[in-house]
Amino acid sequence: MTTNPKYIFVTGGVSSSLGKGIIAASLAKLLQAQGYRITIQKLDPYINIDPGTLNPYEHGECYVTDDGAETDLDLGHYERFLNVPTSQANNVTTGRIYQSVIDKERRGEFLGKTVQVIPHITDEIKRRIQILGNSGDYDIVITEIGGTVGDIESLPYIEAVRQLEWDLGEHNTCVIHLTLVPYLSAAGELKTKPTQHSVKTLMESGVQADILVCRTEHKLNEGLKTKLARFCNVRKEAVIESIDASTIYDVPNLMLEEGLDKVVLNQLQLKSDVPDLTTWNTFVKRHKNPKSEVTIGLIGKYVELQDSYKSILEAFIHAGAENEVKVIVEPIHSEYLSESNIEFKLGHLDGVLVAPGFGERGIEGKIDAVRYVRENNIPFLGICLGMQMAVIEYARNVLNLKDANSVEMDENTSNPVINLMESQKDVVNKGGTMRLGTWDCKIEKDSTAYKVYKSELITERHRHRFEFNSDYKTQFENAGLVPTGFNPDTGLVEIVEIPENNWFVGVQYHPEYKSTVKNPHPLFVAFVAAALKYKNKK
Ligand code: GLN
């Protein structure tokens, strides 16, 4: 549609957690719905190479892309909103930037020059920002800059934006600054000063915000918008209110009402049209008007943190809308589950999902949970570690292999029903070394999985080191836990089921990463449907 790609930068001020990712994704949705080919990139100012080694307590969920990049959870929002896959190029950290510059230095490519933040680090940032634009696949690239303006570690990124504005020329870039307009209840007023200061901080680095998106709990009146425009040096229509929404899926429409897409397109001198949000709005309507509800237990060890299982929670929202039911997800901490309280904690549920995870903490509670749902025939979905726990539970309680375990938890178990993958045995480094990204899975025709996917060959995303130990395959099959999906090349078990139960499926992969508003994941859709059926029969 356009010849040269246009670049939109989203910076944040005043406070973290204002939702830059959701604003970026919502704007992208509005532009995509006007026919623009668009992608979003996140720049993270921390020194880890990627979030793959970060504890979920630190940084929430690690989102995995098709190409096996371990990335920031905002990429999940981008994919869920746009239904366009992202890749490693969509998430860059300071660690990655420095690593490539230092590697280049070691190769002697700087020809004896002193390597410095400016220009070498900033050049590498600029190069990374333009990789997506130069691919020819996009008309517009939105780059979200992590952190808050004024942070020491954000400075090279802001400097790169300043330089790019000159390199790319007028009307090819647009800077959106997301800020907070707090309400002081003692004064009964919304306050603009923090925004003024944060715009000023940005200007000290030579970057003038073109648009202000103001997070607020109360409506901004005209006077306040005028004041913000005047003090912050932007046009009045470029002061956009972003009021708290009951669901993130309302934000594109809220931004449309505020005219964010129009102001952006005007700045970039691109044609603006009425966005076609038909599919989106059908989803929002279904999401907000459920006909019934189901309660599903999410069993994990990070349940107190909303962000740790972000993609799972969102996949339930998509699947709920598809089934026209409200999915109430009840977080259940596996560490506090035991045989004595299991009935009390799980008895009322319509379905149970045992979450992915690493390490020993909380796994016995997960195993107890699987036993309870299996014996009571409650619909079950086990994801990655959750699937592995289902295998261990079956081995211990049905095959009577009392010490069955995963070698991740007990290296010396005499029944390693979950084993380290052969390809992992020589792996020493932790970062980016798991079995990651998209792999094929072939599904047996006579299975629940086949009914769900209606296809014999699927591809799903992965993130694991351990696998079902195929030496035990026949033993499990004869007893009633059946592997029904396999990697066509290696035979690695991807799916297990208990055909005798209502709905009992464990998957080695992560279906949650691929669920989007446009394509709710079939496994989640079927699981929610099974939970509803189970509830109605109770
Ligand atoms: N810890 C398990 C493994 O590495 C499961 C990983 C996960 O749940 N993502 O195989």
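In what follows, the structure referred to is the one given above.
**Observations regarding the environment of Y57**
At step 1: By the secondary structure assignment, Y57 is in helix α2 (residues 56–59).
At step 2: Given a relative accessible area of 37%, Y57 falls into the partly exposed group.
At step 3: For the pair formed by Y57 and Y302, sequence separation is 245 residues and the distance between their alpha carbons is 7.4 Å.
At step 4: Contacts of Y57, omitting those with residues within four sequence positions, involve K301, Y302, E304, L305 and R361.

**Describing the side chain of H333**
At step 1: Topologically, H333 is positioned in strand β13 (residues 325–333).
At step 2: Once you skip the residues sitting within four places of it in the chain, H333 turns out to touch G300, K301, V303, E304 and R361.

**Notes on helix α6 (residues 155–168)**
At step 1: An ideal rise of 1.5 Å per residue puts 20 Å on 14 residues; α6 measures up with 20 Å between its terminal C-alpha atoms.
At step 2: Regarding α6, the residues found buried are P156, Y157, I158, E159, A160, V161, Q163 and L164.
At step 3: Positive backbone phi, at 90°, marks G169, one or two positions downstream of α6.

**Some details on a nonpolar patch on the surface**
At step 1: Residues Y98, I102, V117 and I118 make up a contiguous nonpolar surface patch of about 340 Å² in total accessible area.
At step 2: Taking relative accessible area as the criterion, I102 reaches 47% and is therefore assigned partly exposed.

**A few points about the site of the ligand**
At step 1: Around the ligand, the neighbouring residues are P356, G357, F358, C384, L385, Q388, E408, R463, H464, R465, F466 and H510.
At step 2: H510 places a side-chain nitrogen or oxygen 3.2 Å from a nitrogen atom of the ligand.
At step 3: Contact with the protein chains removes 99% of the 290 Å² of surface that the ligand exposes when unbound.
At step 4: Going through the elements one at a time, α15 (385–397) and β19 (457–464) are the ones with two or more residues in the shell around the ligand.

**Details of the sheet that holds strand β16 (residues 405–406)**
At step 1: In space, the 3 strands of this open sheet follow the order β16-β17-β20, with mixed pairing throughout. Whereas interior strands pair on both sides, the edge strands pair on one side only; in this sheet they are β16 and β20 (466–468).
At step 2: Strand direction decides the pairing type here: β16 and strand β17 (residues 416–420), joined by 2 bridges, are parallel. What sits directly across from S406, in β17, is I418.

**Some thoughts on the side chain of N172**
At step 1: You can see N172 is positioned in the loop between α6 and β7 (173–180).
At step 2: Look at N172 and you get buried, because its relative accessible area is 17%.
At step 3: In this structure the side chain of N172 is engaged in a polar contact, spanning 3.1 Å, whose partner is the side chain of K6.
At step 4: The contacts of N172, once residues within four sequence positions are left out, are K6, Y7 and L268.

**Regarding the packing of aromatic side chains**
At step 1: The tally for this structure, following the rule as stated, stands at 14 aromatic pairs.
At step 2: Centroid distance Y249 to F283: 5.0 Å. Interplanar angle 80°. Geometry classified as edge-to-face. Residue Y249 is found in the loop between β11 (239–243) and α9 (251–258), and its partner F283 is found in helix α11 (residues 278–288); the two are separated by 34 residues along the sequence. The residues Y249 and F283 share a single accessibility class, namely buried.
At step 3: When the centroid spacing of 5.1 Å and the interplanar angle of 85° are considered together, the rings of F316 and F524 count as edge-to-face. Of this pair, F316 sits in helix α12 (residues 310–323) while F524 sits in helix α18 (residues 522–537), and the two are 208 residues apart along the sequence. F524 carries the same exposure label as F316, and that label is buried.
At step 4: An aromatic cluster is present here, built from F81, Y249, W280 and F283 joined pairwise through their rings.

**Comments concerning the pattern of salt bridges**
At step 1: The final tally for this structure, using the stated rule, is 37 salt bridges.
At step 2: A salt bridge links K42 to D44; the nearest nitrogen and oxygen atoms lie 3.4 Å apart. An identical accessibility class is assigned to K42 and D44; each is buried.
At step 3: One salt bridge connects E237 with R235, and the closest N-O pair in it is separated by 2.9 Å.
At step 4: The class of R235 is partly exposed, set by a relative accessible area of 36%.
At step 5: Beyond isolated ion pairs, a larger network of salt bridges with shared partners links K42, D44, D72, D74 and E144.

**Comments concerning the packing of helix α1 (residues 20–32) against α9**
At step 1: Put simply, α1 and α9 touch, their axes get as near as 8 Å, and they point 70° apart. Classified by the angle their axes make, α1 and α9 are roughly perpendicular. Taken as a pair, α1 and α9 cross one another with a handedness that is right-handed. Contacts between α1 and α9 involve I22, I23, S26, K29 and L30 on the former and, on the latter, V251, P252, M255 and L256.

**A word on the pairing of strand β22 (residues 493–497)**
At step 1: Counting buried positions over the 5 residues of β22 gives 5, a clear majority of the element.
At step 2: Where β22 and strand β23 (residues 504–507) come together, 3 bridges link them in antiparallel fashion. Considered in β23, the bridge of E497 is made with V505.
At step 3: Counting the residues that bridge the hairpin from β22 to β23 gives 6 residues.

**Section: the state of the cysteines**
Each disulfide consists of one covalent bond between the sulfur atoms belonging to two cysteines.
At step 1: One pass over the structure, following the stated rule, counts 0 disulfides.
At step 2: The thiol of C62 is not disulfide-bonded; the next cysteine sulfur, from C384, is found 12 Å away.
At step 3: No disulfide involves C441; its sulfur sits 13 Å from the nearest other cysteine sulfur, which is in C384.

**Description of the sheet that holds β11**
At step 1: Spatially, 7 strands are ordered β5-β2-β6-β1-β7-β10-β11 in an open sheet, and the strand pairing comes out parallel. Since the sheet does not close on itself, it has two edges, and those belong to β5 (91–93) and β11, each with one partner. Sheet twist, expressed as the mean angle between neighbouring strand axes with direction ignored, is 20°.
At step 2: Docked against the sheet, α1 engages β1 (6–12), β2 (38–44), β6 (140–145), β7, β10 (211–216) and β11, running at close to 170° with respect to β6.

Calculation criteria
Residues numbered from 1 in each chain as written. Predicted model: local features only at pLDDT ≥ 70, side-chain atom pairs only at ≥ 80, totals over all residues. Heavy atoms only, no water. Helix = DSSP H or I, 4+ residues; strand = E, 2+ residues; numbered from the N terminus. Buried < 20%, exposed > 50% of the residue type's maximum accessible area, 1.4 Å probe, protein only. Contact = heavy atoms within 4.5 Å. Expected span 1.5 Å × (residues − 1). Patch = residues over 30% accessible without salt bridge, like charges linked within 9 Å, V, L, I, M, F, W, Y side chains within 5 Å. Areas by Shrake-Rupley, 256 points an atom, 1.4 Å probe, with all protein chains shown as cover. Salt bridge = Lys/Arg side-chain N within 4 Å of Asp/Glu carboxyl O. Near = heavy atom within 4 Å. Polar contact = N/O pair within 3.5 Å; in protein donor to acceptor, adjacent residues only side chain to side chain. Pairing = 2+ DSSP bridges. Phe/Tyr/Trp six-rings, centres within 6.5 Å; stacked < 30°, edge-to-face > 60°. Axes fitted to C-alpha atoms, helices over the stretch in contact; angles between N-to-C directions. Parallel < 35°, antiparallel > 145°, perpendicular 65-115°, else oblique. Left-handed = near helix turned anticlockwise from the far one by under 90°. Disulfide = S-S within 2.5 Å.

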